[in-house]
Amino acid sequence: MKRLLRSRQTNTEDNPSKRSEARAEIQVQASHDFIGIADEKGVIINQYPAVLKVFGYSPEQFIGVRCLDFVFESDVMKAEQLFVSALKNPGRTVRTAVRIMQADQQLVNCEVSITNLLQNGQVKGMMVHCWERTEKTLTANDQHLTYFDYLTDLPNRYLLESRLAEELLRSEAENSGLALLIIDLDRFKLVNARMGYQIGDLLLKKVAQRLSNVVNGNGMLFRYGGDEYMILLAGADRKAAYHAAEAIWRDFSAPFFVEDRELVISPSIGISMFPADGTTADELIRNADVALYEVKKNGKNNWKFYSSLYDLEYMNPLLMETELYKALEQQQLLLHYQPKVNLATGEITGVEALIRWEHPVWGIIPPLDFIPLAEATGLIIPIGDWALESACRQLRKWHQQGFDTVVSVNVSMQQLHQPDLLGKIKQILKRNKLKPEYLELEITESVTADINQAISTLTALKKLGVKISIDDFGTGFSSFTYLKEFPIDTIKIDQSFLEGVPDSPKDETIIKAILSMGCNLHVNVIAEGVERKEQLIFLQKQHCNEGQGYFFSKPLPPEELEKLVPEIRQKVIEYGIDQKKEAAEEDNLVFAQQAAAFVAEKGVELFRIFDGAGELLYVSPSHEAVLGYPPSAFMKQRELEFVHPEDASLLQAAFQQTIREKTPQQFELREKSAAGEWLLFDVSLTPVLDKKCDVDRIIFTGRDISTKREAEERLWKSKKLEVIGEFAASIAHEIRTPLTSLKGFTHLLEKGMVKQDYFEVIRSSFHQIEDFLKEFLFIAKPQAITPAFADINSILRHVKAELEPVAAANKVSIVIDDKSGIAGIICDETQMRKVFHQLIRNGIEAITDGGTVRLEIQVEQAELLVRVIDNGVGMSSERIEKLGEPFFRNNEKGVGLGLMLCYRIIWQHKGTIVINSQEKKGTIVEVRLPVSHE
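What comes next concerns the included structure. Everything numeric here is computed off the predicted structure, so don't read it as measured data.

**Looking at the packing of helix α7 (residues 157-174) against helix α11 (residues 281-297)**
In step 1: As a packed pair, α7 and α11 sit with axes 9 Å apart at the nearest point and diverge in direction by 115 degrees. Comparing their axes, α11 and α7 come out roughly perpendicular. Residues Leu160, Glu161, Leu164 and Leu168 of α7 form the contact with α11, whose own contacting residues are Ala281, Leu284 and Ile285.
In step 2: A breakdown of the residues in the contact of α7 with α11 according to their chemical character gives six nonpolar, no polar and one charged.

**Thoughts on the sheet that holds strand β13 (residues 303-305)**
In step 1: Reading across from one edge, β8-β9-β7-β12-β13 is the order of the five strands in this open sheet, with mixed pairing throughout. Since the sheet does not close on itself, it has two edges, and those belong to β8 (220-225) and β13, each with one partner. Strand-to-strand, the axes of this sheet are offset by a mean angle of 20 degrees, without reference to chain direction.
In step 2: Both strand β7 (residues 178-185) and strand β9 (residues 228-234) contribute to a ladder of seven bridges, which runs antiparallel.

**Regarding the sheet that holds strand β25 (residues 665-672)**
In step 1: Read across the sheet, five strands follow the order β24-β23-β27-β26-β25 without closing on themselves; strand pairing throughout is antiparallel. Every other strand in the sheet has two partners, leaving β24 (616-619) and β25 as the edge strands with one partner each. With direction set aside, neighbouring strand axes in the sheet form an average angle of 25 degrees.
In step 2: Note: strand β26 (residues 678-689) against strand β27 (residues 695-704), nine bridges, orientation antiparallel. Along β27, the bridge assignment pairs leucine 689 with valine 695.
In step 3: Those strands touched by helix α26 (residues 648-661) are β23 (605-611), β25, β26 and β27, and its axis lies near 150 degrees from that of β25.

**Digging into the side chain of threonine 658**
In step 1: Structurally, threonine 658 can be placed in helix α26.
In step 2: Of the residues examined, threonine 658 reaches a relative accessible area of 0% and is grouped as buried.
In step 3: In this view, threonine 658 contacts Thr663, Gln665, Leu685, Pro687, Val695 and Ile698; residues no more than four positions away in its chain are not counted.

**Comments concerning the state of the cysteines**
In step 1: Tallied over the full model, the rule gives zero disulfides.
In step 2: Of all cysteine sulfurs, the one in cysteine 130 lies closest to cysteine 110, which takes part in no disulfide; the gap is 3.8 Å.

**Observations concerning helix α22 (residues 558-575)**
In step 1: Its 18 residues give α22 an end-to-end C-alpha distance of 25 Å, which sits within 8% of 26 Å, the value for a rise of 1.5 Å per residue.
In step 2: Leucine 564 marks where α22 bends most, by close to 45 degrees; the proline proline 566 follows one to four residues later.
In step 3: Along α22, the positions that sit buried rather than exposed are Pro558, Leu561, Leu564, Val565, Ile568, Lys571, Val572 and Tyr575.
In step 4: Looking at the packing, one finds that the buried side of α22 touches α10 (238-251), β11 (261-263), β14 (333-342), β15 (348-359), α14 (380-400) and α21 (533-541).

**Points about the pairing of β7**
Both faces of the sheet carry side chains from a regular strand, because those side chains alternate between them.
In step 1: Most of β7 sits inside the fold, with eight of its eight residues counted as buried.
In step 2: The two faces of β7 match: Leu178, Leu180, Ile182 and Asp184 on one face and Ala179, Leu181, Ile183 and Leu185 on the other face are all buried.
In step 3: As defined by bridge partners, β7 adjoins strand β12 (residues 267-274) across eight bridges and the pair is classed as antiparallel. Within β12, the residue paired with isoleucine 183 across the bridge is isoleucine 269.

**Re α14**
In step 1: Taking 1.5 Å per residue as the helical rise, α14 with its 21 residues ought to reach 30 Å, and the 30 Å between its terminal C-alpha atoms agrees with that figure.
In step 2: Glycine 402, located one to two residues past α14, shows a positive phi value of around 95 degrees.

**Section: the pattern of salt bridges**
In step 1: What the rule picks out here adds up to 35 salt bridges.
In step 2: As a salt-bridge pair, lysine 492 and glutamate 352 come within 3.0 Å of each other at their nearest N and O atoms. Taken as a pair, lysine 492 in strand β20 (residues 490-493) and glutamate 352 in strand β15 lie far apart in primary sequence, 140 residues in all.
In step 3: Exposure remark for glutamate 352: the relative accessible area of 4% places this residue in the buried category.
In step 4: One salt bridge connects arginine 431 with glutamate 389, and the closest N-O pair in it is separated by 2.5 Å. Note that arginine 431 is positioned in helix α16 (residues 421-431) and glutamate 389 in helix α14, a separation of 42 residues in sequence.
In step 5: Residue class for arginine 431 comes out partly exposed when judged on its relative accessible area of 48%.

What counts, and where the lines are drawn
The residue count restarts for each chain, going from 1 along the sequence in the order it is written. Per-residue local features of the predicted model are confined to residues with pLDDT of at least 70, and side-chain atom pairs are confined, for both listing and counting, to 80 or more; whole-chain, interface and lining totals are unaffected and use all residues. Side-chain metrics rest on all non-hydrogen atoms present in the structure, leaving aside hydrogens and water. All axes here are fitted lines through C-alpha atoms, helices being fitted over the stretch that makes contact, and every angle between N-to-C directions spans 0 to 180 degrees. Each helix is a run of DSSP H or I of at least 4 residues and each strand a run of E of at least 2, with the numbering of both proceeding from the N terminus. Just so you know how the angles are binned, under 35 degrees is roughly parallel, over 145 roughly antiparallel, 65 to 115 roughly perpendicular, and the rest oblique. When checking whether two residues touch, look at their non-hydrogen atoms; a contact exists if any pair is within 4.5 Å. Polar here means any residue outside two lists: the nonpolar Ala, Val, Leu, Ile, Met, Phe, Trp, Tyr, Cys and Pro, and the charged Asp, Glu, Lys and Arg; Gly therefore counts as polar. At least two bridges found by DSSP between two strands are what make those strands a pair. Burial classes: relative accessible area under 20% of the type maximum marks a residue as buried, over 50% as exposed, and values in between as partly exposed (1.4 Å probe, protein chains only). Note on terminology: pairs of cysteine sulfur atoms within 2.5 Å are recorded as disulfides. Expected span, for any helix, means 1.5 Å times one less than how many residues it has. In this scheme, the bend at a residue equals the angle between the axes fitted to the seven residues that finish there and the seven that begin there. Each reported salt bridge corresponds to a side-chain nitrogen of Lys or Arg within 4 Å of a carboxyl oxygen of Asp or Glu.

Okay, structure coming up:
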């Protein structure tokens, strides 16, 4: 280029145009502005002497050097984008402001323009024109302190606002997108609070380094303040922003090493997009912060796009419904899978299929934004069918690859109440050649809207072999109803409880209680929301079966999840506890605690330990004091050799029941002492469960009750004599009145005094004696009940009609309040009438000055509850305790057989009677019977 210019200068006299060019050349040479020519790569190929005046460099220092090498480092990206913009627009001049580093290391604020003259036959280059602005020139150190963070050396919020404003102008001019990501560190305050600010500052530096590596020149990283960072992605669309957020999240899954500490910290990321979410720097920053707040509110450790301006369209239900139909037709829906991990081995035991909607305009729409509308419009049915089919199709592929796992699919209330759901699932399993046990359906609280229908459908699915799981267990009022009513295989502890571990004793207590309950109910337990190493260790120590959460993996497309399988297994091994060592220590601790507790009786109680198969492992030294045999004698001989032959089968059955039901058993057993005597023991068998909830050991304890039993038998004999005496007195009391009447009227008849009324009284006396004998015979030898369907309301109305005259005579009204809503029960109607006749009559007789006997009917916990309530004189606690005992009378008449008869009949119907009473306030009798339907 220099030779070309020299050639032009030597020939000016022969051509007027060349003389004009020469004059221009002289003007350029004399200019106080920087003017240069660069090639398409930005390398300076020609430079004028003014560079010495402007920046203090000689022209030779610029030739062959990239223009960008003299631009201040924070402005390099801006200058590079300006150069690229000029390359794309031949003949057009583009302009921006940058800072140039002078030879004396001072920064000067400059205005730069670049004109693309590559197509110009004379220049064939990029003309760069730079001149100093009027702002105050700063030293490099002052400039750095103003615009860069002192801790991480990242650009700060002031530089962010400046750059963001410039990029917005460029994006608007070039009609391109822009993304702003704000990153907040979850639970960072805990690091400062527990480890000190020095560790916190070091962690912030580590985070800055890791984020810089992720950005890697594809964006601009800033420290916005505190534990917040921002990334500016020029020219980015939603897809690019999504992948950037995903890359950050994935990179944070590895721990940070700060001095001698290993810290696991997760990011929450809010994203705003230009121009959808704002056209100014303030709007984009504010809306990214709003999106971040939504992430924090919904569990942290995730990312979310701001959803306001661009969501206004799909917040329109009609439009969104139309788009949902299109989503099914155009395959916009997709499934991501999150693994469920065995916390002892790290093996993946199952995956949960989670639906996503990738809209071509709105981008990724989270389920919470469209599932409620799908349920409201009925679209959840085809969407649910698609999810079941797609999940099973993917599962079949995995099985063909040797990945034998279980897939879980969430089922809504509407799906569960489809009459053809069972048939649909059968067809889906058949099409994909899957066994039912490889499919699990997850249900939530909403299915209780029609609990009877839900139970019916779930029971049918369970019989088919499909597994049933309760999602978000512990967050609703109906969770325990699920356990009682539904055929459940698995309960999933809601992540809200695990979030406080290990800092919240209350959350830990709740989790322990749920785990214990799951073990005793023989259902699998999965903890949701595992995000940190400390949570993994806590769950392992509590013998939780499985875990699910971002610590292992976020929901991923199937091909990405497949790659993570070895890494997930390694995480459990690397960050979890040594399972074998922990198990051995815990077993020893349990053994020592149990032995100390049971042998604390100083030799007066037997203590033995058996393994899960019933083999004897340990015998306490107390045996020699109690039975006269040393422990070694029991270890050498079979256990049954010491047991009374009549009790041997009882002991064997108790062992089998303990192992089968995993519950304690208590019974009486006779064992032979060294002196040849048969001693009677009160025996308990207590199972000790291992981590899989199988019986690992059985603790046998026995207490000698021989002497106590002998005393009881002597007392019982005397009691029998007392009861016989009371019975004789009661019979005499009960039949004395009718017998006296019969005797008197017989005497009158003998004297020839005959009246028709006499025969009515005699007949009534015989009926009294006959009724009493019937009651007595029923108690002595109860009749078999004849069950049939009966209307409880009809029974009570019939009894009410019978007793209306008696009630009216006592100024008592009988009121029936039926809130049960059921047709009836299975019972012996005649016997049931006797019960309520007795109870209502007792209530009437207890009221001395007028009142009400109220009969309330309702269903409570699958039982029919009938309350007989009176406002009579009531009873003392001492009298209530004796109710139902043989021949106890609640009034001065009778032998107490009425209540005994009631207890007997209700017991035969597998029901219960409970009586509550207060003196001078009244009595409530509660009769509970199993609910039956016609």
